[in-house]
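Listed below, chain by chain, are the residues.
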Amino acid sequence: MGRPLRNVPRPRCPIPGHCGRRVLLAGTYGLPGHRRPRYRCVPELPGEATHTFIEPQPRQITDGAVCLKGPRTPRNYEFPIKEIAAALVAMGRGLTYKEAAARARTHANRFRQDRYSSHGQLVADWVELFAPVVFAKLGPSAWPTVDSLVLDHLPFRIPAVNASGKAIPAGIVAFDIMAAMGYENHRAKIWLLGASPTVLTGDWLAFLNRLPGDVERVVTDGHGGTIGGACRRWPTAVMWRSEWHISKAIQRLLAQDKVPETDPAWNLRDIYDSAADWTVYVALADTAAAPRLRRWVKWHDSDLATQIANRPNPVKDGTPLTTGGLEHLLEPIKVAVNPRKQAFTNRRRLDCLLMLMQLELNRQADELVYAKVISDWLSANQLPDKRPGTAPLLRRSVVDHGGSSLPSPQSVLARKQNRLIHRQ
């Protein structure tokens with residue numbers, strides 16, 4: 001009938017009202033090397049039926065021995081939850097799907113001759129299934145209510161040719177990664193990441209609508225789509241243009257106008273200190289032999305004068321006045337994504353990967369924490385079928401379709417290439 005359990009936690013019987021009965025070990029099931037225990041619930045009263053059951057997250061038997069304290073494993077999975085958690089942490093640190101899958105198979109002793117596989121679909125499925133689960137628990141639930149929200153995006157360009165077959169020097173943008181940085185206890189952290197084929201006003205508005213809450217100040221690099229989306233999301237927020245980007249724009253215009261670097265117009269150190277300093281620079285630009293700079297200053301004079309007049313003290317208040325901090329935080333993402341940028345063809349799956357990268361950059365990635373979150377989610381999401389403990393693990397359900405609301409970056413790339421060809 002089975003042998004009694006000693007010195008190990010007794011599993012709970014899945015049938016209501018049966019938890020007080022005797023539970024015995026009734027053998028094992030599964031493939032060699034990945035076997036799990038089966039249990040039998042014995043009635044206390046004569047005439048009641050005995051039944052066999054399996055834990056919702058059975059423990060894996062290791063080293064060929066019946067060890068009931070082994071790692072917990074999702075139903076019908078050959079990999080323990082801790083290996084799934086370790087793979088998610090590795091993906092957040094920039095490993096490829098193939099590298100993370102090879103590590104998981106090695107730890108789980110899956111590189112047998114009859115079961116060998118080198119592809120990365122194993123970990124790709126885990127990222128699709130469990131990254132949103134982990135992020136929902138550990139990620140932010142609303143936009144920050146203090147300090148500034150900094151917005152920026154990373155474009156990823158790929159080679160392209162025109163109709164005559166000549167290479168376009170800079171290539172074309174396949175997709176962008178939109179990013180938001182906020183402050184928690186005066187410490188900068190990535191607040192949200194998202195992939196998008198374009199960065200127009202509608203794209204930024206959809207990105208900013210992913211979290212609730214209002215913000216006081218939004219810092220941007222002056223990109224029209226970023227400012228447009230932020231203004232529509234928070235009409236009353238202060239829109240702040242990055243001072244570093246203002247200086248770079250002025251320097252670029254001075255170089256285009258071939259203004260000597262000895263000209264006073266190149267001195268931009270004090271123009272943000274007060275409205276009077278900006279007024280002095282406007283007058284200087286109006287008399288300089290720099291037509292491009294004059295037009296630019298005239299166009300932005302009103303907005304920048306208002307911004308500088310309301311400029312906080314960045315040292316005293318700790319308020320960021322540039323996007324430089326966000327660009328620094330995004331550098332590891334650029335390093336990890338850029339070599340593989342042509343391989344990301346599914347926008348929603350890339351968003352799942354960015355969730356893990358965000359948690360890693362915010363120093364929240366932890367294998368034990370991930371394993372606990374996944375285990376709790378599996379326990380709370382059981383399907384009421386004949387096999388207690390089956391979890392709704394619907395792999396490869398995130399699929400992009402052409403013309404859908406979530407097109408893949410590569411489909412947008414094809415449309416851009418077609419437009420370039422028709423323009424020739």
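Residues numbered from 1 in each chain as written. Predicted model: local features only at pLDDT ≥ 70, side-chain atom pairs only at ≥ 80, totals over all residues. Heavy atoms only, no water.

### Some points on helix α2 (residues 97–107)
Thought 1: Along α2, the residues classified as buried are Tyr97, Ala100, Ala101, Ala104 and Arg105. With its buried residues spanning 135° around the axis, α2 presents them on a single face. Among the exposed residues of α2, those oriented more than 90 degrees off its buried face are Lys98 and His107.
Thought 2: For α2, the secondary structure elements touched by its buried residues are α1 (81–92), α3 (121–138) and α12 (347–361). (Buried < 20%, exposed > 50% of the residue type's maximum accessible area, 1.4 Å probe, protein only. Helix = DSSP H or I, 4+ residues; strand = E, 2+ residues; numbered from the N terminus. Arc of directions from axis to C-beta. Contact = heavy atoms within 4.5 Å.)

### What about the packing of aromatic side chains?
Thought 1: Per the counting criterion, the structure on display carries six aromatic pairs.
Thought 2: Measuring from ring centre to ring centre gives 6.3 Å for Phe130 and Trp377, while their planes differ by 90°; the resulting arrangement is edge-to-face. Remark: Trp377 occurs in helix α13 (residues 367–380) and Phe130 occurs in helix α3; sequence separation between them is 247 residues.
Thought 3: Judged by relative accessible area, which is 0%, Phe130 ranks as buried.
Thought 4: We classify Trp377 as partly exposed; its relative accessible area is 25%.
Thought 5: Ring geometry for Trp204 against Phe207: centres 5.6 Å apart, planes inclined by 90°, an arrangement best described as edge-to-face. Note that Trp204 and Phe207 are positioned in helix α4 (residues 201–208) at a spacing of three residues, about one turn of the helix.
Thought 6: Assessed through its relative accessible area of 0%, Trp204 is described here as buried.
Thought 7: Phe207 gets classed as buried once you look at its relative accessible area, which sits at 2%.
Thought 8: Linked through ring pairs, Trp143, Trp204, Phe207 and Trp234 together constitute an aromatic cluster. (Phe/Tyr/Trp six-rings, centres within 6.5 Å; stacked < 30°, edge-to-face > 60°.)

### Points about helix α5 (residues 224–233)
Every α-helix carries 3.6 residues per turn, so stepping three or four residues along brings you back to the same face.
Thought 1: Those residues of α5 that sit buried are Gly225, Thr226, Gly228, Gly229, Ala230 and Arg233.
Thought 2: Close packing links the buried residues of α5 with β5 (148–158), α4, β8 (217–220) and β9 (238–241).

### Observations regarding the pattern of salt bridges
Thought 1: Taken as a whole, this structure holds six salt bridges when the rule is applied.
Thought 2: Of the charged contacts, one joins Glu128 and Arg349 as a salt bridge, the two residues approaching to 3.3 Å between their closest N and O atoms. Of this pair, Glu128 sits in helix α3 while Arg349 sits in helix α12, and the two are 221 residues apart along the sequence.
Thought 3: Judged by relative accessible area, which is 6%, Glu128 ranks as buried.
Thought 4: Note on Arg349: relative accessible area 23%, which makes it partly exposed.
Thought 5: Ionic pairing is found between Lys334 and Glu331, a salt bridge with its closest N-O pair at 3.7 Å. Of this pair, Lys334 and Glu331 both sit in helix α11 (residues 331–337), three residues apart, which is roughly one turn of that helix. (Salt bridge = Lys/Arg side-chain N within 4 Å of Asp/Glu carboxyl O.)

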